[in-house]
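Each chain, written out:
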Amino acid sequence: MNEKIKEYSSLIEENLYRYFKGSIPEYKTLFESMEYSVKNGGKRVRPLLTLLFYNACGKDDVLKAMPMAEAVEYIHTYSLIHDDLPCMDNDDYRRGKPSNHKVYGEAVALLAGDGLLTAAFERISTWSMAGLYDAEIAIKAINELSIHAGARGMIGGQIIDIGNENNPDADFNTLQLMDSLKTGCLISVACALGCIAAGASDDLVDAAKTFGNKLGLAFQIKDDILDVTSSLEKLGKMTGSDEENNKSTYVTLLGVEKCEELVKELTDEALKALDVFPNNEAIKDYANYLQNREY
């Protein structure tokens, strides 16, 4: 893998957990629950893309973009905690370990997700007040993150997903809308945040969003493929859950072979959006890695 990707991945792991230190005993369990899910691995796709796009805008001091990378990963983690709850997908495992609510109970898991959601905006605003970047950049980042993670974005996609349960007749357009919101929005804003942190032009921010939208959809289709072709050991969660929930997926609609073609097509379209970034090799390498992943 590209050396820059390895370097940034290490930096993310070094900085991601500092928020959870120093909690008082009265709510220590809450912070332990929050940290449990953040520490539970994952590919760190979103924060890595934030740092990669910051660098692609000509900036080398990527630690200045770290609060935004942390913010998007906290929101992603909160969404997974809530997704696993019995009232949602009712999953007992996440990345090979018991889901948050299986360890801490449903009430604490719910509050841990709420805590991570609000921590995301705390990180961006706190570091702006400390002078890491000016208020205009912070406001723009918070606005974009709010839109993409909220009811018009990720949460909107989640409600469509709930409606898709026990609906084997959902069509391709419904799935595409759902996944462009549920998965694509957070990946798209992760890319945009890197550009915003760098003070890049609106044209570059828009190009980053286009890349993220295409890559996000490819990512979700790949997940659907892995749900039927992978295993618990590789994927870190139960496979076949879509079939068990009687959901329409890209695989049920198109078949595995056609889905693989679609992943490649979308990844190629995402890569074209990178032409406006002169320093884009690491992002290209990462997009190709995601296309060919096995988990």
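Above: the structure in question.
Residues numbered from 1 in each chain as written. Predicted model: local features only at pLDDT ≥ 70, side-chain atom pairs only at ≥ 80, totals over all residues. Heavy atoms only, no water.

Peer 1: Could you give an account of empty space enclosed by the protein, naming the residues involved and the relevant values?
Peer 2: One pass over the full model with this rule turns up two cavities of 30 Å³ or more. Around the largest cavity, the lining residues are Tyr36, Ser37, Asn40, Thr77, Leu80, Ile81, Asp84, Arg94, Arg95, Pro98, Ser99 and Asn100. Of all elements in the fold, only helix H2 (28-39) and helix H4 (66-84) reach the threshold of two or more residues within the lining of the largest cavity. Grouping the amino acids of the lining of the largest cavity by side-chain chemistry returns four nonpolar, five polar and three charged. Considering only enclosed or pocket space, the second largest cavity measures out at about 40 Å³ in volume. (1 Å grid on protein atoms, 1.4 Å probe; cavity = no way out; pocket = protein on both sides within 12 Å on 5 of 7 lines; lining within 4 Å. Points joined across faces, edges and corners; volume = space filled by probe spheres on them. Helix = DSSP H or I, 4+ residues; strand = E, 2+ residues; numbered from the N terminus. Nonpolar A, V, L, I, M, F, W, Y, C, P; charged D, E, K, R; others polar.)

Peer 1: Kindly report on the nonpolar core, identifying the contributing residues and their values.
Peer 2: In terms of nonpolar packing, the biggest core is built from 73 residues, with Phe20, Leu49, Phe53, Tyr74, Leu145, Phe211 and Phe277 touching the most fellow members. Sort the elements by how many residues they give to this core and helix H9 (residues 172-197) lands first, with 10 residues. Ignoring anything within four residues of it in the chain, the contact list for Phe53 reads Cys191, Gly194, Cys195, Ala208, Phe211, Leu274, Phe277 and Ile283. Grouped together as the second largest cluster of nonpolar side chains are 12 residues, Met178, Ala218, Ile221 and Ile225 included. (Core = buried A, V, L, I, M, F, W, Y, C linked by side-chain atoms within 4.5 Å. Buried < 20%, exposed > 50% of the residue type's maximum accessible area, 1.4 Å probe, protein only. Contact = heavy atoms within 4.5 Å.)

Peer 1: Report on the packing of aromatic side chains, specifying residues and quantitative values.
Peer 2: Each aromatic ring pair is characterised by the separation of its centres together with the angle its planes make. Tallied over the full model, the rule gives 10 aromatic pairs. When the ring of Tyr19 is compared with that of Phe31, the centres are 6.0 Å apart and the planes differ by 15°; the resulting orientation is stacked. Within this pair, whereas Tyr19 is found in the loop between helix H1 (3-15) and H2, its partner Phe31 is found in helix H2, the two being separated by 12 residues in sequence. Residues Tyr19 and Phe31 agree in their burial class; the two are buried. (Phe/Tyr/Trp six-rings, centres within 6.5 Å; stacked < 30°, edge-to-face > 60°.)

Peer 1: Residue-level account of the packing of H9 against helix H10 (residues 202-229), with values.
Peer 2: Viewed as axis vectors pointing N to C, H9 and H10 meet at an angle of 140°, and their least axial separation amounts to 7 Å. By the angle between their axes, H9 is oblique relative to H10. Between H9 and H10 lies a crossing of right-handed hand. Contact residues: H9 offers Gln176, Asp179, Thr183, Gly184, Ile187, Ser188, Cys191, Ala192, Cys195 and Ile196, while H10 offers Leu204, Val205, Ala208, Lys209, Phe211, Gly212, Asn213, Leu215, Gly216, Leu217, Phe219 and Gln220. In terms of residue class, the contact of H9 with H10 is built from 12 nonpolar, eight polar and two charged. (Axes fitted to C-alpha atoms, helices over the stretch in contact; angles between N-to-C directions. Parallel < 35°, antiparallel > 145°, perpendicular 65-115°, else oblique. Left-handed = near helix turned anticlockwise from the far one by under 90°.)

Peer 1: Outline the pattern of salt bridges, supporting the account with residue identities and numerical values.
Peer 2: What the rule picks out here adds up to 18 salt bridges. With its nearest N and O atoms 3.4 Å apart, the salt bridge here joins Glu35 to Lys39. Of the two residues, Glu35 and Lys39 are both situated in helix H2; the distance of four residues between them amounts to about one turn of the helix. Look at Glu35 and you get buried, because its relative accessible area is 14%. Linking Asp202 and Lys140 is a salt bridge whose minimum nitrogen-to-oxygen distance equals 2.7 Å. Of this pair, Asp202 sits in helix H10 while Lys140 is found in helix H7 (residues 135-149), placing the two residues 62 residues apart along the sequence. (Salt bridge = Lys/Arg side-chain N within 4 Å of Asp/Glu carboxyl O.)

Peer 1: Residue-level account of the environment of Asn288, with values.
Peer 2: On the secondary structure map, Asn288 appears in helix H15 (residues 281-291). The partly exposed category is assigned to Asn288, whose relative accessible area is 31%. In this structure, the C-alpha to C-alpha distance between Asn288 and Ser180, residues 108 residues apart in sequence, is 19 Å.

Peer 1: Report on H2, specifying residues and quantitative values.
Peer 2: Counted at 1.5 Å a residue, the expected span for H2 with its 12 residues is 16 Å, and the 16 Å between its end C-alpha atoms agrees. Listing the buried residues of H2 in full gives Phe31, Ser33, Met34, Glu35, Ser37 and Val38. For H2, the elements touching its buried residues are H4, helix H5 (100-104) and helix H6 (106-129). Two residues or fewer after H2 comes Gly41, characterised by a positive phi angle close to 60°. (Expected span 1.5 Å × (residues − 1).)

Peer 1: Can you explain the packing of H2 against H6? Please cite residues and give values.
Peer 2: Running from amino to carboxyl end, H2 crosses H6 at an angle of 75°, the nearest separation of the two axes being 9 Å. Our classification of the angle between H2 and H6 gives roughly perpendicular. In this structure, H2 contributes Thr29, Leu30, Ser33, Met34 and Val38 to the contact, and H6 contributes Val108, Ala109, Leu111, Ala112, Gly115 and Leu116. When the residues that make up the contact of H2 with H6 are grouped by side-chain class, the tally is eight nonpolar, three polar and no charged.

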